[in-house]
Amino acid sequence: GTLTLLRVSSGACVEMYHTTTGLAPEIIKFDTKGRLFISPSDEFSLLRPETVESLFVLWRVTHKDKYRAWSWDIFSAVERSARHNDNPEWGYSSLDNIDNSVAPKTKRKDSLESFFIAETLKYLY
């Protein structure tokens, strides 16, 4: 039923985070064989909450630790790639490119969507 659909779709969402920065792109596409791919124009990240919200709900319903582990991986990637570690008081920012192999130093946007703090961090907490 619904829980099975949520489990399967969350697995696909987590797969989106398998990038060099560990962050998901804003948009993914599927090729003719059903594999995920990212177009160069879609390699930015606004740090959206939908995947971590789904993982939070799945953990609350099933108590399976894999959902907490996946969330921890996402949180660690956010800390590593979206946080201004060189200037911590600046906090976090969205990213122009989530693929470090193309842009070795991840370029941060000069912006952060309000849903990042209101939702993304809430579900990761």
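Now for a look at the structure at hand. (Residues numbered from 1 in each chain as written. Predicted model: local features only at pLDDT ≥ 70, side-chain atom pairs only at ≥ 80, totals over all residues. Heavy atoms only, no water.)

1. A few points about the side chain of T21
Working step 1: Structurally, the position occupied by T21 is in the loop between α1 (2–15) and β1 (29–30).
Working step 2: You can call T21 buried: its relative accessible area is 1%.
Working step 3: There is a polar contact of 2.9 Å between the side chain of T21 and the backbone oxygen of I98. (Helix = DSSP H or I, 4+ residues; strand = E, 2+ residues; numbered from the N terminus. Buried < 20%, exposed > 50% of the residue type's maximum accessible area, 1.4 Å probe, protein only. Polar contact = N/O pair within 3.5 Å; in protein donor to acceptor, adjacent residues only side chain to side chain.)

2. Considerations on the environment of N85
Working step 1: Assignment of secondary structure puts N85 in the loop between α3 (65–81) and α4 (114–124).
Working step 2: For N85, a relative accessible area of 45% corresponds to the partly exposed category.
Working step 3: Sequence spacing of N85 and T2 is 83 residues, and the spatial spacing of their C-alpha atoms is 40 Å.

3. Structural notes on the packing of helix α2 (residues 50–62) against α4
Working step 1: The contact between α2 and α4 brings their axes to 8 Å, and the two run at 35°. For the element pair α2 and α4, the recorded crossing hand is left-handed. Contact with α2, carried on its side by V52, E53 and F56, involves T120, Y123 and L124 of α4 and no other residues of that element. (Axes fitted to C-alpha atoms, helices over the stretch in contact; angles between N-to-C directions. Left-handed = near helix turned anticlockwise from the far one by under 90°. Contact = heavy atoms within 4.5 Å.)

4. Re the pattern of salt bridges
Working step 1: The final tally for this structure, using the stated rule, is 5 salt bridges.
Working step 2: Linking D42 and K29 is a salt bridge whose minimum nitrogen-to-oxygen distance equals 3.4 Å. One end of the pair, D42, is in the loop between β2 (36–37) and α2; the other, K29, is in strand β1, with 13 residues separating them in the sequence.
Working step 3: Taking relative accessible area as the criterion, D42 reaches 8% and is therefore assigned buried.
Working step 4: Where R83 meets E79, a salt bridge forms, and the shortest distance between an N and an O atom there is 3.6 Å.
Working step 5: Since its relative accessible area comes to 22%, E79 is described here as partly exposed. (Salt bridge = Lys/Arg side-chain N within 4 Å of Asp/Glu carboxyl O.)

Distances and angles like these do not, on their own, reveal function.
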